[in-house]
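The primary structure of each chain is shown beneath.
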Amino acid sequence: MSGWCGQCRQLQSSALQSAARPKKMTSATPPSSHSASSHKVCHSQTQTDVLKPLLGGAIAGGGGALRKRRRVLSKDGRSNVRIEHVSGRSALYMRDLWTTFVDMQWRYKFFLFTATFAGTWFVFGVLWYLVALVHGDLLEFDPPSNHTPCVMQMQTLTGAFLFSLESQTTIGYGFRCITEECPAAIILLIVQLVITMLMEIFITGTFLAKVARPKKRGETVKFSQHAVVSNLEGQPCLMIRVANMRKSLLIGCQVTGKLLQTSLTKEGETVRLDQRNVTFQVDTSSDSPFLILPLTFYHVIDDTSPLRAWADKGGGWTDPELADFELLVIMSATVESTSATCQVRTSYLPDEILWGYEFPPVVSLSQSGKYVANFAFFDKVAKTKTTPIFKPTSPQHAYQSNGGGTVSEVSDTDKIRLEQSYREQRGEAHGRARDAPLSVRISNV
């Protein structure tokens with residue numbers, strides 16, 4: 001009896017311990033994720049759990065507030081992608097010294113500039129000191145009065161350093177000069193001038209290239225902080241605003257978009273950060289808009305748009321499945337004054353795309369007859385009178401593409417009409433009846 005009671009006490013204590021342990025949260029994880037054969041995705045040759053949000057935008061449990069999303073591209077166009085585990089990366093950078101020096105930050109460039117010149121002065125100063133040492137020109141050798149040195153007035157290491165500096169910078173104070181006594185000294189002077197001249201050309205060129213980069217010109221091109229969705233010609237359109245804040249024009253402007261999102265292929269493979277094209281236009285054409293005033297570029301959301309699934313929910317960016325994307329906007333142009341190609345980039349997250357809003361006008365006419373672009377209203381948005389509603393033209397004949405967009409198929413009526421026309425043509429050519437059965441396959445492309 002006592003043994004049975006002891007077992008009961010052990011069972012009760014174990015039950016209390018198990019109850020006191022913290023339980024694991026499993027509500028946010030589907031049951032399939034606990035299996036050994038969890039679904040994997042391939043991104044940059046790295047196996048990653050597919051359940052992890054693409055941009056870190058999962059909805060927090062309970063409160064319904066969105067977590068802060070991580071961007072692939074920042075608002076000012078800088079890349080947030082970190083490159084790791086590249087074998088021989090330093091060697092690759094050293095092979096392309098020009099790009100490495102141009103991309104180098106200014107503080108490192110100034111330090112390298114100073115260290116390069118001071119280092120060459122000291123290295124060739126030591127070489128000049130060795131020449132004087134071999135020839136017996138130093139003070140410790142006590143040369144006779146009729147002794148002709150290789151370099152006049154260079155009898156110490158400090159004097160050799162100063163002579164190297166004066167020769168490389170072509171100062172020429174007058175009392176330190178090379179003589180005809182040592183052919184080795186003449187050869188050393190030629191080598192020093194050639195090597196240091198090439199180094200000066202390279203370093204000065206990288207300075208000029210970094211200063212004249214069109215990246216600085218791109219900083220005077222402004223994108224709107226938010227994108228809006230409103231109706232245009234009866235269709236919902238995604239709109240962004242772009243402005244050139246300089247009087248010098250940008251030639252051949254082209255605005256393109258890339259939608260980064262998770263997609264599922266027909267083979268069942270999940271691809272993260274899949275890129276889908278988002279076309280932008282400013283009027284009836286997207287070629288070379290005249291960016292003399294702030295312009296509004298728009299993307300028509302139709303059955304072929306990669307934003308179809310998101311627009312079908314009325315811009316429901318609080319849905320974690322539909323809001324897991326990032327829209328990259330890229331504008332390429334040629335600077336009129338320098339003919340250099342300039343590229344400006346920005347990105348929009350789903351919570352930065354406002355559904356049912358529009359941009360107010362920013363251009364007005366002054367009393368003197370000049371057009372004025374008021375940038376105080378550039379980032380302002382206003383609520384539209386009518387909420388845009390996405391209506392698919394042929395939802396029964398559309399399929400979802402890899403990137404979440406849709407591609408409309410050829411309708412059955414079009415197939416029947418083409419097949420009938422084909423039968424008629426074949427019947428007239430071969431004398432067959434028009435209703436002869438023929439097997440014709442119409443391509444869906």
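Quick caveat: nothing in here was measured; it's all calculated off a predicted structure.

Cut-offs used in this document
Starting from 1, residues in each chain are numbered consecutively following that chain's sequence as written. Thresholds applied to this predicted model are a pLDDT of at least 70 for local features of residues and 80 or more for the giving and counting of side-chain atom pairs; totals over whole chains, interfaces and linings are not thresholded and use all residues. As a convention, hydrogens and water are excluded, and side-chain values are obtained from all of the structure's heavy atoms. For helices the rule is a DSSP run of H or I covering at least 4 residues; for strands it is a run of E covering at least 2, with both sets numbered from the N terminus onward. Each residue gets one of three labels from its accessible area relative to the maximum for its type: buried under 20%, exposed over 50%, partly exposed in between, using a 1.4 Å probe on protein chains only. Residue contacts are defined here by distance: any two heavy atoms, one from each residue, within 4.5 Å place the two residues in contact. Under the convention used here, a 1.4 Å probe and the Shrake-Rupley method define accessible areas, while residue burial counts only the protein chains that appear. Here, a salt bridge means any side-chain nitrogen of Lys or Arg that lies within 4 Å of a carboxyl oxygen of Asp or Glu. The span you would expect from a helix comes to 1.5 Å times its residue count less one. Like-charged residues within 9 Å of one another, or nonpolar side chains (Val, Leu, Ile, Met, Phe, Trp, Tyr) within 5 Å, are grouped into patches, provided each residue has over 30% relative accessible area and no salt bridge. Note that a disulfide, as used here, is simply two cysteine sulfur atoms within 2.5 Å. When DSSP finds two or more bridges between a pair of strands, those strands are recorded as paired. Along the chain, pLDDT gives the predictor's confidence residue by residue, from 0 to 100. Here, the term nonpolar core denotes a set of buried Ala, Val, Leu, Ile, Met, Phe, Trp, Tyr and Cys residues that are joined through side-chain atoms within 4.5 Å.

Draft legend 1. Structural view of the overall build of the protein. On a plain count of helices and strands, the protein comes out with nine helices and 17 strands. Counting all 445 residues of the protein, 32% fall into the buried class. The long-range fraction of contacts in the protein, counting pairs at least 24 apart against all pairs at least 6 apart in sequence, stands at 61%. Only carbon and sulfur atoms are counted for the fraction: they give 56% of the accessible area of the protein, which is about 28,500 Å².

Draft legend 2. Up close: the pattern of salt bridges. Inspection of the entire model under this criterion finds seven salt bridges. Across the salt bridge formed by Glu352 and Arg71, the nearest N and O atoms sit 2.2 Å from each other. Residue Glu352 is found in the loop between strand E10 (341–348) and strand E11 (353–355), and its partner Arg71 is found in the loop between strand E2 (46–49) and helix H2 (89–95); the two are separated by 281 residues along the sequence. Both residues of the pair, Glu352 and Arg71, belong to the buried class. Put simply, Lys222 and Asp379 hold a salt bridge, and the shortest N to O gap is 3.7 Å.

Draft legend 3. Spatial organisation of unusual backbone geometry. Backbone geometry at Thr170 places phi at a positive 55°, although glycine is not the residue there. Within the fold, Thr170 resides in the loop between helix H5 (157–168) and helix H6 (183–211). Phi at Leu273 takes a positive value of approximately 55°, unusual for a residue other than glycine.

Draft legend 4. Local environment of H6. For H6, built from 29 residues, the straight-helix expectation of 42 Å at 1.5 Å per residue is met to within 8% by its first-to-last C-alpha distance of 43 Å. Turning to H6, its buried residues number three or more, namely Ala185, Leu188, Leu189, Gln192, Thr196, Ile203, Gly205, Thr206, Phe207 and Lys210. The inward-facing, buried residues of H6 contact helix H3 (97–103), helix H4 (106–135) and H5.

Draft legend 5. Quick peek at the environment of Leu130. Note that Leu130 resides in helix H4. Once the C-alpha coordinates of Leu130 and Leu157 are considered, the two residues, 27 residues apart in sequence, prove to be 9.2 Å apart.

Draft legend 6. A nonpolar patch on the surface, seen in detail. On the surface, Phe122, Val123, Leu127, Leu130, Leu133 and Phe141 cluster together into a nonpolar patch covering about 520 Å² of accessible area. By relative accessible area, which is 43% here, Phe141 ends up partly exposed.

Draft legend 7. How the structure looks around the state of the cysteines. Under the criterion given, the structure shown has one disulfide. Bridging Cys150 to Cys182, the disulfide has an S-S length of 1.7 Å. The chirality of the disulfide connecting Cys150 with Cys182 is left-handed, given an S-S dihedral of about -60°. Here the residue Cys150 occupies a position in the loop between H4 and H5, and Cys182 occupies one in the loop between H5 and H6, the gap between them amounting to 32 residues. Since its relative accessible area comes to 7%, Cys182 is described here as buried.

Draft legend 8. The arrangement of the pairing of strand E5 (residues 235–244) in detail. Across the 10 residues of E5, nine count as buried, placing the element largely inside the fold. The sheet contact formed by strand E4 (residues 227–232) and E5 spans five bridges and is antiparallel. Bridge pairing in E5 places Ser230 opposite Cys237. Counting the residues between successive antiparallel strands, the hairpin from E4 to E5 contains two residues, one of them, Glu233, with a positive phi of roughly 55°.

Draft legend 9. Focus on the pairing of E4. As paired elements, E4 and E11 share three bridges and run parallel to each other. Note that in E11 the partner of Ala227 across the bridge is Ile353.

Draft legend 10. Looking closely at the confidence of the model for the protein. Overall, the predicted model of the protein reaches an average pLDDT of 75, with 70% of residues at or above 70. For the stretch residues 432–445, pLDDT sits under 50, and the model shows 18 contacts to residues farther than four places along the chain or on other chains.

Draft legend 11. Local environment of the nonpolar core. Counting 32 residues, the largest nonpolar core has Leu238, Ile240, Phe280 and Met331 as the members making the most contacts within it. Counting residues per element, this core draws most heavily on strand E9 (residues 325–335), at six residues. Trp128, Ala132, Cys150 and Phe163 belong to the second largest nonpolar core, which has 14 residues in total.

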